[in-house]
Amino acid sequence: MNEDDALEDFTARAITLDGVAKKVYVAGSGPAVIVMTEMPGISPQVARFSRWVRDAGFTVYMPSLFGRDGAVSGADEGAAVFQRACVSAEFRALRANETSPVTQWLMALARLAHRECGGPGVGAIGMCWTGNFALSMMLEPAVLAPVLSQPSLPLNDPGGLEISPADIQAVRRRLDQEKLTVLAYRFEGDKFCRAQRFAAYAEALGERFVGRVLPDSAANTEVPPFFARHVPTPHSVVTAHLVDEAGQPTLAARDEILAFFAARLNPARPHP
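In this report, the structure presented in the accompanying data block is examined. (Residues numbered from 1 in each chain as written. Predicted model: local features only at pLDDT ≥ 70, side-chain atom pairs only at ≥ 80, totals over all residues. Heavy atoms only, no water.)

Concerning helix α1 (residues 44–55)
We apply this condition: Helical segments are the DSSP runs of H or I of at least four residues, strand segments are the runs of E of at least two, and each set is numbered from the N terminus. Here the expected length of a helix is defined as 1.5 Å per residue gap, with one fewer gap than residues. Each residue is assigned to one of three classes by its accessible area relative to the maximum for its type, calculated with a 1.4 Å probe on protein chains only: buried under 20%, partly exposed between the two thresholds, exposed over 50%. Note on contacts: a residue pair is in contact if any heavy atoms of the two residues lie within 4.5 Å.
With 12 residues, α1 extends 16 Å from end C-alpha to end C-alpha; this agrees with the ideal 16 Å at 1.5 Å per step. Counting buried residues along α1, 10 of its 12 residues qualify, which places the element largely inside the surrounding structure. Residues P44, Q45, V46, A47, R48, F49, S50, R51, W52 and V53 constitute the buried set of α1. Its buried side turned inward, α1 meets β3 (32–35), β4 (59–63), β5 (122–127) and α8 (249–265). In the stretch just after α1, G57 is the one whose phi turns positive, near 105 degrees.

Here it is as structure tokens:
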């Protein structure tokens, strides 16, 4: 986890959707799950999570949205990626009640993945910067299993949601009509994803929102340089701050996510 990951066990595909081309790393077989990276990019820890999803019986689609793919980013390099993303037209980093334009591309990716992989539908997990994207993607009927891991946007409003009021109302209607749920995770002391944000999700989505709050004591303390300098609290539930040991709360969160995907996307297959 301390060295760059060559991602050699993924197929790197150039996928153009809605006139926009992005690199997407694909691996596995079975129903599709879209894994959206946290800041500052597809780290070895993000790739490890994608491999766990692959090994659980799914086809992983991991789009490159920012940063250097497979890299253990240094503190300065990661900060530069963060700054560029803040001013990118694809993201709404500082605007509450707005949906990031990049989610339109991600919904198109979900449609493509569903066509290619079949099954009942597609799973999606967003982390940190991309945390809320899995919720916005519920506007695409193919997406059945959304997971929000430490959703951190908008950066300047702890109780704000990175989705427009009209979009979240449409998502709520779909959740109710199809009896779907949204899984979400955060650490108790996370300064980027605070309790106010989970409260706002719960108010907007009611019982369809299932929020999990992990104690700070459950977080891994040996983290990459970017996190050591710029992320002062436990934050990344299933990646940088995950403790890969039996009985750990973060590993239990990973297993719950995999079981959630299995229940929605592989209903005929035994799952935990």
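Concerning the packing of α1 against α8
Think of two packed helices as two axes; the pair is described by the angle between the axes and how far apart they sit. For the record, the criterion: Between N-to-C directions, angles span 0 to 180 degrees; the directions come from axes that are lines fitted to C-alpha atoms, helices contributing only their stretch in contact. Angle categories are assigned with fixed cut-offs, so that under 35 degrees is roughly parallel, over 145 is roughly antiparallel, 65 to 115 is roughly perpendicular, and the rest are oblique. In a left-handed crossing the near helix is turned counterclockwise from the far helix by less than a right angle, and in a right-handed crossing that turn is clockwise. Throughout, the ten residues Ala, Val, Leu, Ile, Met, Phe, Trp, Tyr, Cys and Pro are labelled nonpolar, Asp, Glu, Lys and Arg are labelled charged, and all others, Gly among them, are labelled polar.
Between α1 and α8, the least distance of the axes is 10 Å, while the angle of their chain directions is 45 degrees. By the angle class used here, α1 and α8 are oblique. Read as a crossing pair, α1 and α8 show a hand that is right-handed. Within the contact between the two elements, α1 uses F49, W52 and V53 and α8 uses R254, I257 and L258. A per-class count over the contact of α1 with α8 returns 5 nonpolar, no polar and 1 charged.

Comments concerning the packing of aromatic side chains
The line we're drawing: Stacked, edge-to-face and tilted labels apply to pairs of Phe, Tyr and Trp rings (six-membered ring for Trp) whose centres lie within 6.5 Å, assigned for plane angles under 30 degrees, over 60, and everything in between, in that order. When the NZ atom of lysine or the CZ atom of arginine is within 6 Å of a ring's centre and also within 35 degrees of its normal, the charge is said to sit over that ring.
Inspection of the entire model under this criterion finds 5 aromatic pairs. Ring centres of Y201 and F209 lie 5.4 Å apart, and the angle between their planes is 20 degrees; on these two criteria the pair is classed as stacked. Comparing Y201 with F209, the two get one shared label, buried. Between F226 and F227, the aromatic rings sit 5.6 Å apart at their centres with planes inclined by 90 degrees, giving edge-to-face as the arrangement. Of the two residues, F226 and F227, neither departs from the other in class, the shared state being buried. Put simply, the rings of F58, F260 and F261 pair up and form one aromatic cluster. One residue, R186, lies across the ring of F198, its end atom 5.8 Å from the ring centre. Sitting over the face of the ring of W52, R254 holds its NZ or CZ atom 4.5 Å from the ring centroid.

Examining the nonpolar core
Operational definition: Definition of nonpolar core: a set of buried residues of the types Ala, Val, Leu, Ile, Met, Phe, Trp, Tyr and Cys, connected through side-chain atoms within 4.5 Å.
Formed by 91 residues in total, the largest nonpolar core has its most connected members in M36, F49, L109, I125, L135, M137 and F261. Looking at which element gives the most residues to this core, the answer is helix α3 (residues 102–117), with 9 residues. Not counting residues up to four positions away in its chain, the partners in contact with M137 are I34, M36, L106, M107, A110, A124 and V143.

Focus: empty space enclosed by the protein
Keep this limit in mind: Using only the protein atoms, space was sampled on a 1 Å grid; points where a 1.4 Å probe fits but cannot get out form cavities, open sets with protein on both sides within 12 Å along at least five of seven lines form pockets, and lining residues are those with an atom within 4 Å of a point. Grid points are joined across faces, edges and corners, and a volume is the space filled by probe spheres set on the points.
Per the stated rule, a full pass over the model turns up 1 cavity of 30 Å³ or more. Estimates place the volume of the largest cavity at around 80 Å³. As for the largest cavity, its lining consists of 13 residues, and the residues nearest its centre are P40, S43, A71, V72 and S73. Elements represented by at least two residues in the lining of the largest cavity include exactly α1 and α7 (225–230). When the residues that make up the lining of the largest cavity are grouped by side-chain class, the tally is 8 nonpolar, 4 polar and 1 charged.

This is a description of form; function is not addressed.
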